[in-house]
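# Fold and contact review
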Amino acid sequence: STVAIDDEHLDINATTIGIYNTVTTTTAGTVTITNAGVLTIANAADMTLDGAFTVDGAGAVSTAGDITTTADNILFDGVGAVTIEADDVSLNTGATTGDVRFDGDVTGAGLLTITADTGNIDFTSTIGAGGALSGLSIVSADTVDLDSTVAIDDEHLDINATTIGIYNTVTT
């Protein structure tokens, strides 16, 4: 069923975690997930958050759900890979600031669309090392850093930002 949280936060610590329906927070409600195994975010598990979203576990993430915040960060801080499933995924930090960061390899059959407005987007690891990401569309950001190799498959690589840093090979 749906999870709705007001002025507190949702903090989940477990080995295997599945989120299968919508999550909504209000009044600065954050979501923090520490996963040792796989975190699954289903297509029906779109999140609308009035606070930051953070995954800081060592496990992998498999996502088909969208995440929207109100000028807050969306961080995949764990070392596990993030797989964008066949359903396209949208990450949106809302108006003004709010950063998006991936510390593990990003791969998958879906299109990843990110809107960070004046926030920054940083891929500290590879994109597509475990299998090419279908596509990456960055709608807006102040700075985008692609710190390692990038492999995009059948869709496009489109980046709209004030400053773009590409520090390794890009294959499309």
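Preceding this paragraph is the structure being described.
Rules used throughout
- Residues numbered from 1 in each chain as written.
- Predicted model: local features only at pLDDT ≥ 70, side-chain atom pairs only at ≥ 80, totals over all residues.
- Heavy atoms only, no water.
- Helix = DSSP H or I, 4+ residues; strand = E, 2+ residues; numbered from the N terminus.
- Rg over C-alpha atoms; globule rule 2.2 N^0.38 Å.
- Buried < 20%, exposed > 50% of the residue type's maximum accessible area, 1.4 Å probe, protein only.
- Contact = heavy atoms within 4.5 Å.
- Areas by Shrake-Rupley, 256 points an atom, 1.4 Å probe, with all protein chains shown as cover.
- Polar contact = N/O pair within 3.5 Å; in protein donor to acceptor, adjacent residues only side chain to side chain.
- Core = buried A, V, L, I, M, F, W, Y, C linked by side-chain atoms within 4.5 Å.
- Pairing = 2+ DSSP bridges.
- Axes fitted to C-alpha atoms, helices over the stretch in contact; angles between N-to-C directions.
- Salt bridge = Lys/Arg side-chain N within 4 Å of Asp/Glu carboxyl O.
- Patch = residues over 30% accessible without salt bridge, like charges linked within 9 Å, V, L, I, M, F, W, Y side chains within 5 Å.
- Lys, Arg positive; Asp, Glu negative; His and termini not counted.
- Charge placed at Lys NZ, Arg CZ, Asp CG, Glu CD.

When helices and strands are counted, the protein shows zero helices and 23 strands. Rg of the C-alpha trace for the protein: 15 Å, near the compact-globule value of 16 Å for 172 residues, within the 12% margin. When the backbone C-alpha atoms are referred to their principal axes, the protein occupies close to 45 × 30 × 25 Å. For the protein, the proportion of its 172 residues judged to be buried stands at 45%. Within the protein, contacts between residues separated by at least 24 positions form 26% of all contacts whose residues are at least 6 apart in sequence. Counting only carbon and sulfur atoms, one obtains 48% of the accessible surface of the protein, whose full area is about 7,100 Å².

To continue, consider the environment of Asp99. Residue position: Asp99 is located in the loop between strand S13 (89-92) and strand S14 (100-102). On the basis of relative accessible area, Asp99 is assigned to the partly exposed category, the value being 28%. Asp99 has contacts with Asp72, Asn73, Ile74, Leu75, Thr93, Gly119 and Asn120, leaving out every residue within four places of it along the chain. Of the polar contacts made by the side chain of Asp99, one reaches the backbone nitrogen of Asn120; its length is 2.7 Å.

A positive phi angle, near 65 degrees, is found at Ala71, a position not held by glycine. Positionally, Ala71 belongs in the loop between strand S10 (67-69) and strand S11 (74-76).

Core analysis: the biggest nonpolar cluster contains 40 residues, and Phe53, Phe76, Leu91, Phe102, Leu112 and Phe123 have the highest contact counts within it. Beyond its immediate sequence surroundings of up to four residues, Leu91 is in contact with Ile67, Ile74, Phe76, Val100, Phe102, Leu112, Thr113, Ile114 and Thr115.

The next subject is the sheet that holds strand S9 (residues 61-63). Pairing is parallel across the open sheet formed by five strands, whose spatial order is S3-S6-S9-S12-S15. At either end of the open sheet lies a strand with only one pairing partner, and these are strand S3 (17-19) and strand S15 (106-108). Ignoring strand direction, the axes of neighbouring strands in this sheet form an average angle of 15 degrees. Two elements, strand S6 (residues 39-41) and S9, share three bridges in a ladder whose sense is parallel. From the neighbouring strand, Thr40 faces S9, where its bridge partner is Ser62.

The next subject is the pattern of salt bridges. Counted under the stated rule, the structure contains two salt bridges. We note a salt bridge from Asp77 to Arg101, for which the minimum N-O separation is 2.3 Å. Placement of Asp77 in the loop between S11 and strand S12 (82-84) and of Arg101 in strand S14 is noted, with a sequence separation of 24 residues between them. Taking the relative accessible area as the measure of exposure, Asp77 reaches 25% and is therefore partly exposed. Overall, Arg101 belongs to the partly exposed group, its relative accessible area being 27%. A salt bridge links Arg101 to Asp103; its shortest N-O distance comes to 3.5 Å. Residues participating in the shared-partner salt-bridge network are Asp77, Arg101 and Asp103.

Our next topic: a negative patch on the surface. There is a patch of like negative charges on the surface, built from Glu85, Asp87, Asp88, Asp153, Asp154 and Glu155. Summarising the element assignment, Asp88 is placed in the loop between S12 and S13.

All right, on to a nonpolar patch on the surface then. Taken together, the side chains of Ile164, Ile166 and Val170 define a hydrophobic patch exposed on the protein surface, amounting to about 230 Å² of accessible area. Of the residues examined, Val170 reaches a relative accessible area of 33% and is grouped as partly exposed.

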